[in-house]
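Chain and residue survey
Here is how the chains run, residue by residue.
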Amino acid sequence: MNQVLPIHAPPATPRIEPPLALLAELTHRCPLQCPYCANPLELERAAAELDTATWKRVLDEAAALGVLQVHFSGGEPTARRDLLDLVRHAAAAGLYSNLITSGVILDAGSLGALAEAGLDHVQLSFQDADAAQADRIGGYRNGHARKLVVARLIREAGLPLTANFVVHRQNLDRLPEMLALGEEIGASRIEVAHVQYYGWGLVNRAALMPSRTQLEQANAAVAQARSDLRGRITIDYVVPDYYAARPKACMGGWARRIINITPSGLALPCHAAETLTGLHFPSVRTTSLAAVWHDDPGFARFRGTGWMPEPCRSCDQREIDWGGCRCQALALTGDASATDPACALSPHHALMADAVAAADALADGPAPDLVYRRIRTAALVR
């Protein structure tokens, strides 16, 4: 007997894949004062940070959800006295762990202990290849020299090393030297990260935006280094949005690859999502990661393609770039659901073109003063 099927069967609910990675922002405390920091202008105080037990529960929930990697970040994650305990707990939960650090308060003993606890990888940030300029940009005396020592200690501890160079107008001319430095310190991967212009980066955009000539020279330097270092060092590099014709898939797409936890416990789809006024995100103090990922309206708001306006809705790239960056759209247009101005098809693309033209006009003159990442500075720039 044939089975009778309903004519109008309800559509199946799309399956939400688990996040690949958890970005654990353990603290906003940091000895450096980088003027492009990805942390929000309103920095969390130490008293508001999650305690060790809550972070351990979050790590267990991440593993149960299907997360494969945890990135311990900040601020400066080594400012947390329980970092070693958290790394050990992550390893026991089966999570691959990466430490994202400025390195300046690490030493041989702490690195050896972290390696023994199960840390899998270290990403060490650099502000420049020139020591004086690096210390000026980071606002930390003798920081560059300390990083060089720590890079050697990381390798001696048997840990793989990524050298992260954040680039902008005030250091981009020295990108060839930065790439050479990455090779010199024994990095297996070099990440060249252009400043992203929201939060502290947006405050300092006029001082940090590179000229078109600088960008063209940087593109050539990366192409040459990739050729020279092929098979030995991987170089990650993406042209900055302000010079692109199409947006990139920010964080792999909204709430598709990454779940971010702030020092106070807010769960976010990306590290800048707190800037999205009108959206409210849950705290892991009261909500499980699984409930956040599968059920939270804020995480669902820009996931997939159903939210998209035109021209995104009918674009053949909509499931490649996933609409670009919502935080950038809000920062530049005042509307988080607008087409990312990085796209040449956006009615707001001229906002980026104007910023590039302003950077070119300033190319031969002195850069504006930097506004450094400090708690007492935030009130002056909001």
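Just above, that's the structure.
Residues numbered from 1 in each chain as written. Predicted model: local features only at pLDDT ≥ 70, side-chain atom pairs only at ≥ 80, totals over all residues. Heavy atoms only, no water.

1. Quick word on the pattern of salt bridges
Following the criterion strictly, the structure yields 12 salt bridges and no others. The salt bridge involving Glu156 is made with Arg152; its shortest N-O contact spans 3.1 Å. Taken together, the residues Glu156 and Arg152, both in helix 5 (residues 143-156) and four residues apart, mark about one turn of the helix. Relative accessible area serves as the criterion here: at 43%, Arg152 is assigned to the partly exposed category. One salt-bridge network, in which partners are shared between bridges, spans Arg29, Glu49, Arg80 and Asp82. (Salt bridge = Lys/Arg side-chain N within 4 Å of Asp/Glu carboxyl O. Helix = DSSP H or I, 4+ residues; strand = E, 2+ residues; numbered from the N terminus. Buried < 20%, exposed > 50% of the residue type's maximum accessible area, 1.4 Å probe, protein only.)

2. A closer look at the packing of helix 1 (residues 52-65) against helix 2 (residues 83-92)
Look at helix 1 against helix 2: their axes get within 10 Å of each other, and the N-to-C directions meet at 20°. The angle between helix 1 and helix 2 places the two elements in the roughly parallel class. Where helix 1 crosses over helix 2, the two elements pack in a sense that is right-handed. Contacts between helix 1 and helix 2 involve Thr52, Trp55, Lys56, Leu59 and Asp60 from the first element and Asp85, Leu86, His89 and Ala90 from the second. (Axes fitted to C-alpha atoms, helices over the stretch in contact; angles between N-to-C directions. Parallel < 35°, antiparallel > 145°, perpendicular 65-115°, else oblique. Left-handed = near helix turned anticlockwise from the far one by under 90°. Contact = heavy atoms within 4.5 Å.)

3. Considering the sheet that holds strand 5 (residues 161-167)
Strands sit in the order 7-6-5-4-3-2-1-8-9 across an open sheet of nine strands; the sheet is mixed. Looking at strand neighbours, the two that pair on one side only are strand 7 (234-237) and strand 9 (267-268), the edges of this open sheet. Across five bridges, strand 4 (residues 121-126) lies against strand 5 in parallel orientation. Residue Val122 lies in a different strand from strand 5, and its bridge partner there is Leu161. The strands that helix 1 touches are strand 1 (21-25), strand 2 (69-73) and strand 8 (258-261); relative to strand 1, the one it contacts most, it runs at about 170°. (Pairing = 2+ DSSP bridges.)

4. Focus on helix 4 (residues 131-138)
Along helix 4, the residues that are buried comprise Ala134, Asp135, Ile137 and Gly138. Down the axis of helix 4, the sector holding all buried residues measures 165°, keeping them to one side. On its buried face, helix 4 is in contact with helix 5. The opening residue of helix 4, the one whose side-chain oxygen lies 3.2 Å from the backbone nitrogen of Ala132, is Asp130. Looking one or two residues past helix 4, Gly139 carries a phi angle of roughly 65°, positive in sign. (Arc of directions from axis to C-beta. Polar contact = N/O pair within 3.5 Å; in protein donor to acceptor, adjacent residues only side chain to side chain.)

5. Regarding the nonpolar core
If you look at the biggest cluster of nonpolar residues, it comprises 100 residues, and the most contacted ones within it are Leu22, Phe72, Leu175, Tyr242, Ile261 and Leu289. When residues no more than four places from it in sequence are discounted, the contact partners of Tyr242 are Tyr197, Arg205, Met209, Gln328, Leu332, Met352, Ala355 and Val356. (Core = buried A, V, L, I, M, F, W, Y, C linked by side-chain atoms within 4.5 Å.)

Note that all results are geometric; they support no functional claim without further evidence.
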